[in-house]
Amino acid sequence: MRTTRTAAVLIAVCALAAAGCSGSGGKDSEAGSGDGAPKGPRGVSTPEMRIAMITHSGEGDTFWDIVRKGAEQAAAKDNVEFLYSANKEGKEQAQLVQAAIDQKVDGIVVTLAKPEAVREVVAKAVKAGIPVVTINSGAQHSQAVGALSHIGQDEAVAGEAVGEELNGRGRKKALCVIHEQGNVSLEERCAGVKKTFGGTVENLGVEGTNMPAATSSIEAKLQADKGIDTIVTLGAPFAAASVKARAGARSTAEIDTFDLNAEVVEQLKAKEIGFAVDQQPYLQGYLAVDELWLNRSNGNVIGGGKPVLTGPAIVTADDVPLLEKYTARGTR
């Protein structure tokens, strides 16, 4: 696993923060198991609090299952009632944030993938005295809405890391597949690839909630342009779709992807894809809930209000033995 730029240091900080939160600050440590998998709390001494997480997840996006698992684990040990909701449409996501405000929750975790649609209501939550942590998307808008901090990866830096990796692999023409139109983070990833990649990059928008249609769009593009030697997908499920599309188009393009799940690890192992960019979604959910608990119980702000990076890290087939047991349980 290869981290890029300052991300390695900050990932270590995140890991230490997560470990410290589970064993100090007035809480008993978690009960563990032989394989190191978290099994739940022994008890906490702080009053119960309610935290709502509202994301822009689309139907069937396994990335958010991992974020949610991290949040739920932190909630279990922090004596938190955890409320999760999601909608990929900005207007509907904003309505879910308003619903959380109306419920008078003790904290909100939210994504800013479509900041124009949600930033006003997020600022409203802060004004109402509800602390907010932003995760995953829209880091540059986090301070403006009054969030305590942002937890995720710098999408531009992640894209640049991909471009540099493609240079090292001798790639010449890349297709960057955007599965959600209007999502600023996805656009930043492709822009980052273009910035550092010595070859050419073309963006392709697909319907992310319709996998057969997305597969067909990628296949058609590969058939139309035989010069494409690389497909960069921006979410783990679309790597599998690209494997099918490549076979259908009889293409030899290398497939590389952002994000990780069990299927991607198997594809790395089988050499069906070249590499993946891991932004550690479990850590995003875990740290966000833990930060809200720490802020309420001890006045802490993780990262001193600055973005806390959880990635990127480039993972390849060499990393499969380490990753397999974690992806099998849905935490990587």
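For the structure, check the block above.
## Quick notes on the packing of aromatic side chains
Okay, so step 1: This structure, assessed with the given rule, holds three aromatic pairs.
Okay, so step 2: Residues Phe 63 and Trp 64 carry aromatic rings whose centres are separated by 5.0 Å and whose planes lie at 75° to one another, so their mutual orientation is edge-to-face. For the pair Phe 63 and Trp 64, a shared accessibility class is recorded, and that class is buried.

## Section: the pattern of salt bridges
Okay, so step 1: Summed over all chains, the structure comprises 16 salt bridges.
Okay, so step 2: Among the ionic pairs, Lys 77 bridges to Asp 78, the shortest N-O distance being 3.1 Å.
Okay, so step 3: We classify Lys 77 as buried; its relative accessible area is 3%.
Okay, so step 4: One salt bridge in this structure joins Glu 180 and Lys 114, with 3.2 Å as the shortest N-O distance. With Glu 180 in the loop between strand S7 (173-178) and helix H7 (184-196) and Lys 114 in the loop between strand S4 (107-110) and helix H4 (115-127), this residue pair connects regions lying 66 residues apart in the sequence.
Okay, so step 5: The exposure class of Lys 114 is buried, given its relative accessible area of 15%.
Okay, so step 6: It is possible to trace a salt-bridge network through shared partners that takes in Lys 77, Asp 78 and Asp 290.

## A closer look at unusual backbone geometry
Okay, so step 1: In this structure, the amide linkage connecting Gly 311 to the following residue, Pro 312, adopts the cis form with an omega of 10°.
Okay, so step 2: Along the polypeptide, Pro 312 turns up in the loop between strand S12 (308-309) and strand S13 (313-315).
Okay, so step 3: Unusually for a residue other than glycine, Asp 259 sits at a positive phi of about 80°.
Okay, so step 4: In this structure, Asp 259 sits in the loop between strand S10 (254-258) and helix H10 (262-269).
Okay, so step 5: For Asp 259, a relative accessible area of 5% translates into the label buried.

## Describing helix H11 (residues 281-298)
Okay, so step 1: Look at H11: 25 Å from first C-alpha to last across 18 residues, which is about the 26 Å you get at 1.5 Å a residue.
Okay, so step 2: Taking burial as the measure, the 18 residues of H11 include 14 buried ones, the bulk of the element.
Okay, so step 3: Looking one or two residues beyond H11, the residue adopting positive phi is Gly 299, at roughly 70°.

## Concerning the packing of H10 against helix H12 (residues 320-328)
Okay, so step 1: Two numbers describe how H10 lies on H12: the axes approach to 9 Å, and their chain directions differ by 155°. When the interaxial angle is binned, H10 and H12 end up roughly antiparallel. Crossing of H10 over H12 shows left-handed handedness. Two secondary-structure elements touch here, H10 through Ala 262, Val 265, Glu 266, Leu 268 and Lys 269 and H12 through Val 320, Leu 323, Glu 324 and Thr 327.
Okay, so step 2: Among the residues forming the contact of H10 with H12, the class breakdown is five nonpolar, one polar and three charged.

What counts, and where the lines are drawn
Residues numbered from 1 in each chain as written. Predicted model: local features only at pLDDT ≥ 70, side-chain atom pairs only at ≥ 80, totals over all residues. Heavy atoms only, no water. Phe/Tyr/Trp six-rings, centres within 6.5 Å; stacked < 30°, edge-to-face > 60°. Buried < 20%, exposed > 50% of the residue type's maximum accessible area, 1.4 Å probe, protein only. Salt bridge = Lys/Arg side-chain N within 4 Å of Asp/Glu carboxyl O. Helix = DSSP H or I, 4+ residues; strand = E, 2+ residues; numbered from the N terminus. Expected span 1.5 Å × (residues − 1). Axes fitted to C-alpha atoms, helices over the stretch in contact; angles between N-to-C directions. Parallel < 35°, antiparallel > 145°, perpendicular 65-115°, else oblique. Left-handed = near helix turned anticlockwise from the far one by under 90°. Contact = heavy atoms within 4.5 Å. Nonpolar A, V, L, I, M, F, W, Y, C, P; charged D, E, K, R; others polar.

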